[in-house]
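Breakdown of the fold
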Amino acid sequence: PEALAVKELATARVSYGSSLEDALAVLPQTVDVVVEHNEPDLPSEILFQDDFANAATSEANWSSEYDPQNVVSFTDGKVSFGKSTNLKLVTGDEEWTDFVVEADISGESAEPTNNFGIMFRCTGITPEKADSYNGYYAGIGYSTTTKGNALVVGYANGSWNHITSLPITYQAKQKYNLKVVAYQDIITVFLDGVKLYQFQDRLFQNGVA
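Please read these numbers as outputs of a predicted model, since none were measured by experiment.

**As for the pattern of salt bridges**
- Counted according to the given criterion, the structure contains two salt bridges.
- The partner of Arg121 in a salt bridge is Asp98, and the shortest N-O contact between them spans 3.2 Å. One end of the pair, Arg121, is in strand β4 (residues 115-123); the other, Asp98, is in the loop between β2 (78-81) and β3 (99-105), and 23 residues separate them in sequence.
- Judged by its relative accessible area of 4%, Arg121 falls in the buried class.
- Residues Asp201 and Arg121 are paired through a salt bridge, measuring 2.7 Å at the closest nitrogen-oxygen approach. With Asp201 in the segment after β10 (194-200) and Arg121 in strand β4, this residue pair connects regions lying 80 residues apart in the sequence.
- The class of Asp201 is buried, set by a relative accessible area of 3%.
- Connected via shared salt-bridge partners are Asp98, Arg121 and Asp201.

Here it is as structure tokens:
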């Protein structure tokens, strides 16, 4: 796994104009490198999964409380979302803090006007409006910040707060794998197995805003 940190073990100073021999003399002849295993020690068990193969089971797994316009449907082995200005589909436990969450997602429109993705480390969720929760969000589709299709990362605390938008190539009906690794205070976002963004959780690490 990619190293999370690099520690400086030694320094060597060479003055401008020094000969090659003098420069080599101050450098160590050998360097011992120790690589620590920094892969997150996340729970190995699966906390939750849903392949949407059984519509009745999936309906029971997810809370429809935050779908006031009733645009969510479980059909054909997937969950579908209709057009809405206020929609959140929620499952899980607020006590979950260190975890990996991923979903295969796709959009119907070739020119989306919004984006869709994953909410995580969320508390205080209400059906009042789209951003009525405390927590993070990562999604793909249209970004109002970049005025184009992007990976969008931000957080809500009753209103929307933008963190970053990274332009991506987007196609309608193409399946994208979106994955978020939330471990201690580091959050990493992957799209189709490629790490696109990493940042420090300074707000919701313990599940509390």
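**Observations regarding the packing of aromatic side chains**
- Considering all chains together, one arrives at 11 aromatic pairs under this definition.
- Residues Phe52 and Trp62 carry aromatic rings whose centres are separated by 6.2 Å and whose planes lie at 25 degrees to one another, so their mutual orientation is stacked. Residue Phe52 is found in the loop between α1 (20-25) and α2 (55-61), and its partner Trp62 is found in the loop between α2 and β1 (72-75); the two are separated by 10 residues along the sequence.
- Judged by relative accessible area, Trp62 falls into the buried class, the value being 18%.
- Grouping aromatic residues by their ring pairs yields a cluster made of Phe120, Tyr136, Tyr155, Tyr197, Phe199 and Phe204.
- Against the face of Phe190 rests Lys179, its NZ or CZ located 5.0 Å from the ring centre.

Cut-offs used in this document
- Here, residues in each chain are numbered from 1, in the same order as that chain's written sequence.
- Whole-chain, interface and lining totals are the exception, using all residues; otherwise, since this is a predicted model, local features are given only for residues with pLDDT of at least 70 and side-chain atom pairs are given and counted only at 80 or more.
- Calculation of side-chain values draws on the structure's entire complement of heavy atoms; hydrogens and water are dropped beforehand.
- By convention in these notes, a salt bridge is any Lys or Arg side-chain nitrogen within 4 Å of a carboxyl oxygen on Asp or Glu.
- Strands here are runs of E lasting at least two residues and helices are runs of H or I lasting at least four, both read from the DSSP assignment and numbered beginning at the N terminus.
- Burial classes follow relative accessibility: with a 1.4 Å probe on protein chains only, a residue under 20% of its type's maximum area counts as buried, one over 50% as exposed, and anything between as partly exposed.
- For this analysis, a ring pair means two rings from Phe, Tyr or Trp (six-membered ring only for Trp) whose centres lie within 6.5 Å, classed as stacked if their planes differ by under 30 degrees, edge-to-face if by over 60, and tilted for the remaining angles.
- Definition used: whenever NZ (Lys) or CZ (Arg) falls within 6 Å of the ring centre and also within 35 degrees of the ring normal, the charge is taken to sit over that ring.

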